Amino acid sequence: MSKGMGRRRFLALAGGGILSFLVYYLSDSSIRPAGKIDLMRPPGAVEESAFGGACIRCQRCIYVCPTQALRSATISDGLSKVFTPVLEGECIQCWKCIQACPSGALRQITLEEYKVGNAVLNKPLCIKCYICVANCPFNAITIADDKFPAVDAKKCTGCRKCVVLCPVRPVRAITVSSEGAKRIKVVRII
Amino acid sequence: MNRAQRARIYRYIRYLSLALFFSLFVFGLAFGLGTVCSTAIFGYSYSCPFGVFQQTLIVRLVTLGLVVSALLIVVLTLFLGRFFCGWICPLGAALTPIGGLLSRIKKQAGLPNFLKNRDTKYGVLLGSVVAAVILAFPVWCIFCPVGGISKIFTPIGVAGTNFTIAAITPPPTTPTIFTPTSVLPIIGTSVILLAVALEVGERRAWCRYLCPLGATFGLLAGLSHKIGWQIRMPMDKTIECGLCVRNCPMGIPILDQTRAKIKADSETEALAKKMGLTKEQLLVKARKEPIPELKKIANKYSIQSTECIKCFTCVSVCPIYKTGK
């Protein structure tokens, strides 16, 4: 009897382990975004390669954000990104998400280190209303010689205020990409 | 007040606790408290031990604050076993009324035998940990129905839209207040539905056979089986009516288990020899008159702490306890 019990136990352990591993592995390889998806992260995020592992997907940053600028990633962003925070509204540098993060995926930064992305102007759509120029909290957008707004990549922090205020619909004339974002490097000991 | 009445009160406190934590994890989020994965109450963080374990293995570094925030549940589990499953778990809170009703109207279908193995959950735990390390992200957390049920109202987009719509039209200028229009990713929803479907077969079948979180707590409880607090079977008084076994939501064979343990004990053998009886005769005799030596032996054996969720159902239905003492 004890031998039979041992075999049953082994079968359950191996079966449960292998089956669940297969489910995870197959769903990870099948649920991947088609192209490279440009996800903006909240301020103080560690580099993207480490972010997926460091975040425990507790949604606390999403819920404390006073401007509701964060959303939870879904499977259209890939299985490994599901439930991680994505910056999609206006960031006002209140650092509440950083203070809420228990896992060290978001770490305390200063305003000088703050850069979550870079604004890019889509000239054909722009109606030259200059709302972005007037409202940029970092004075990164100026009026260029051709009368179009011009983004100074050095001053722009990617806070997305210009995107939120841009009146052009359905696609906004100014967007922010995560390229050029300053992310915290993670030192791997092992 | 006798023991059964006291246990009944504990049971109602348990239902209250489940309801409270369920509403905290599912609705309290709107106030920025957190999910079952990590919650801030009174300024302190409490995190899910399994999530923290995966995170620590993946980043290969102890994130001190995070580990400390998981400690409270770990320490409580060392003393109280799988109390989390019976008193806090939001999935358990959702399953309890379903399974309770189904079992009361005797509509539970039963499960195929290959599913009914309590070791499977340890296998799932192992698979999850290995997958998390290899794929370098906490995979289980995406499938987890416990976390999933508390993330139901997480806004997927600021406007409460899904990703594709949000990508075309960036968020509105006026910030929206808590939008419950969002839905869980398909995976989380389907695992919650699986847990509910299993509940139709057997009460808390998910918790018994598959939940890796339950397995984590079970392992912790097994570690401290000797020092932890456990519910014990009154083997010297029992009339073997089997009410506790039939009412146990975790389906623990309380009676058989304790009897087998007592029979296997060398002290029982010595006692039976001393009284000139076989072990079976000794156990039968104990039902008619109290044998203090046997009680001492029986007291060593409690309900299996890796499975018991400390729900007090067995104590509150026990006719021995109901009639006094």
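Residues numbered from 1 in each chain as written. Chains lettered and ligands numbered in written order. Predicted model: local features only at pLDDT ≥ 70, side-chain atom pairs only at ≥ 80, totals over all residues.

Caption draft 1: Just the overall build of chain A, in detail. When helices and strands are tallied, chain A shows 6 helices and 6 strands. In summary, chain A has a C-alpha radius of gyration of 22 Å against a globular reference of 16 Å for 190 residues, an excess of more than 25%. Here the C-alpha coordinates of chain A stretch approximately 85 × 35 × 30 Å along the principal axes. Partitioning the intrachain contacts of chain A with sequence separation of at least 6 by distance along the chain shows that 67% fall at a separation of at least 24. (Helix = DSSP H or I, 4+ residues; strand = E, 2+ residues; numbered from the N terminus. Rg over C-alpha atoms; globule rule 2.2 N^0.38 Å. Contact = placed C-beta atoms within 7 Å.)

Caption draft 2: Expanded view of the overall build of chain B. Helix and strand counts for chain B stand at 19 helices and 3 strands. Taking all 325 residues of chain B together, the buried fraction comes to 46%. Partitioning the contacts of chain B with sequence separation of at least 6, the portion at a separation of at least 24 is 75%. (Buried ≥ 20, exposed ≤ 12 C-beta atoms within 10 Å, placed from the backbone.)

Caption draft 3: Broad picture of the confidence of the model for chain B. Residue and element names in this part refer to chain B. Per-residue confidence for chain B gives a mean pLDDT of 82; residues scoring 70 or more make up 88%. Of all the helices and strands in chain B, helix α9 (residues 163–168) carries the lowest mean pLDDT, 36, while helix α6 (residues 120–135) carries the highest, 95. Scored below 50 in pLDDT, residues 156–183 makes 58 contacts in the model with residues more than four places away or belonging to other chains. Scoring of the predicted complex yields 0.86 for pTM and 0.88 for ipTM. (pLDDT = per-residue confidence, 0-100.)

Caption draft 4: Representation of unusual backbone geometry within the structure. Positive phi, normally seen in glycine, also occurs at A:R160, with a value near 75°. Considering the arrangement of structural elements, one finds A:R160 in the loop between β5 (149–151) and α6 (161–165). One non-glycine residue, B:K310, adopts positive backbone phi at about 55°. B:K310 sits in the buried class, given 21 other C-beta atoms within 10 Å.

Caption draft 5: Just the environment of B:F21, in detail. Residue and element names in this part refer to chain B. Following the sequence through the fold, F21 ends up in helix α1 (residues 3–26). On the basis of neighbour counts, which here come to 21 C-beta atoms within 10 Å, the residue F21 falls in the buried class. For F21 and P90, which are 69 residues apart along the polypeptide, the C-alpha to C-alpha distance reads 6.7 Å. Among residues more than four places away in sequence, those in contact with F21 are I88, P90 and A93.

Caption draft 6: Region of interest: the interface of chain B and chain A. Contacts between chain B and chain A engage 59 residues on the former and 53 residues on the latter. Sort the elements by how many residues they give to the side of chain B that touches chain A and α6(B) lands first, with 11 residues.

Caption draft 7: Broad picture of the domain arrangement of chain A. Residue and element names in this part refer to chain A. Partitioning chain A into domains gives domain 1 (32–114) and domain 2 (117–181). Placing a centre on the C-alpha atoms of domain 1 and another on those of domain 2 gives a separation of 22 Å. A class-by-class count of the residues in the side of domain 1 that touches domain 2 yields 5 nonpolar, 1 polar and 2 charged. (Domains from an automatic or database assignment. Nonpolar A, V, L, I, M, F, W, Y, C, P; charged D, E, K, R; others polar.)

Caption draft 8: Just the sheet that holds strand β3 (residues 44–47) of chain B, in detail. Residues and elements named next belong to chain B. Strand order in the open sheet formed by 3 strands is β1-β2-β3, with antiparallel pairing between adjacent strands. Each edge of the sheet is formed by a strand with only one pairing partner; in this case those strands are β1 (34–35) and β3. In this sheet, strand β2 (residues 38–41) lies alongside β1 in antiparallel orientation, the contact comprising 2 bridges. For T35, the partnering residue across the bridge sits in β2 and is S38. Sitting on the sheet, helix α3 (residues 64–80) is in contact with β2 and β3, with an inclination near 70° to β3. (Pairing = 2+ DSSP bridges. Axes fitted to C-alpha atoms, helices over the stretch in contact; angles between N-to-C directions.)

Caption draft 9: Examining the packing of helix α2 (residues 49–59) of chain B against α3(B) more closely. All names here are of chain B. The interhelical angle for the contact between α2 and α3, taken along N-to-C directions, is 145°, at an axis separation of 9 Å. Considering how the two elements wind past one another, α2 and α3 form a crossing that is left-handed. Between α2, through P49, V52, Q55 and T56, and α3, the contact on the second element is made entirely by L66, V67, A70, I73 and V74. (Left-handed = near helix turned anticlockwise from the far one by under 90°.)

Caption draft 10: Spatial organisation of the packing of α6(B) against helix α12 (residues 212–223) of chain B. Residues and elements named next belong to chain B. The N-to-C vectors of α6 and α12 enclose an angle of 105°; their axes lie 8 Å apart at closest approach. Between α6 and α12, the crossing angle belongs to the class labelled roughly perpendicular. Counting all contacts with α6, which are made through K121, Y122, V124, L125 and S128, the residues of α12 involved are P212, G214, A215 and T216. Looking at the contact of α6 with α12 residue by residue, the class counts come to 5 nonpolar, 3 polar and 1 charged. (Parallel < 35°, antiparallel > 145°, perpendicular 65-115°, else oblique.)

Caption draft 11: Spotlight on the environment of A:W95. All names here are of chain A. Relative to the assigned elements, W95 resides in the loop between β2 (85–87) and α4 (96–100). Of the residues examined, W95 has 18 C-beta atoms within 10 Å and is grouped as partly exposed. Taking the C-alpha atoms as reference points, W95 and F138, separated by 43 residues in sequence, lie 17 Å from one another.

Caption draft 12: Structural view of α6(B). All names here are of chain B. If you check α6, its first and last C-alpha atoms are 22 Å apart, about what 16 residues at 1.5 Å a residue would give, namely 22 Å. The complete set of buried residues in α6 reads T120, K121, Y122, G123, V124, L125, G127, S128, V129, A131 and A132. A136 sits one or two residues past α6 and shows a positive phi near 60°. (Expected span 1.5 Å × (residues − 1).)

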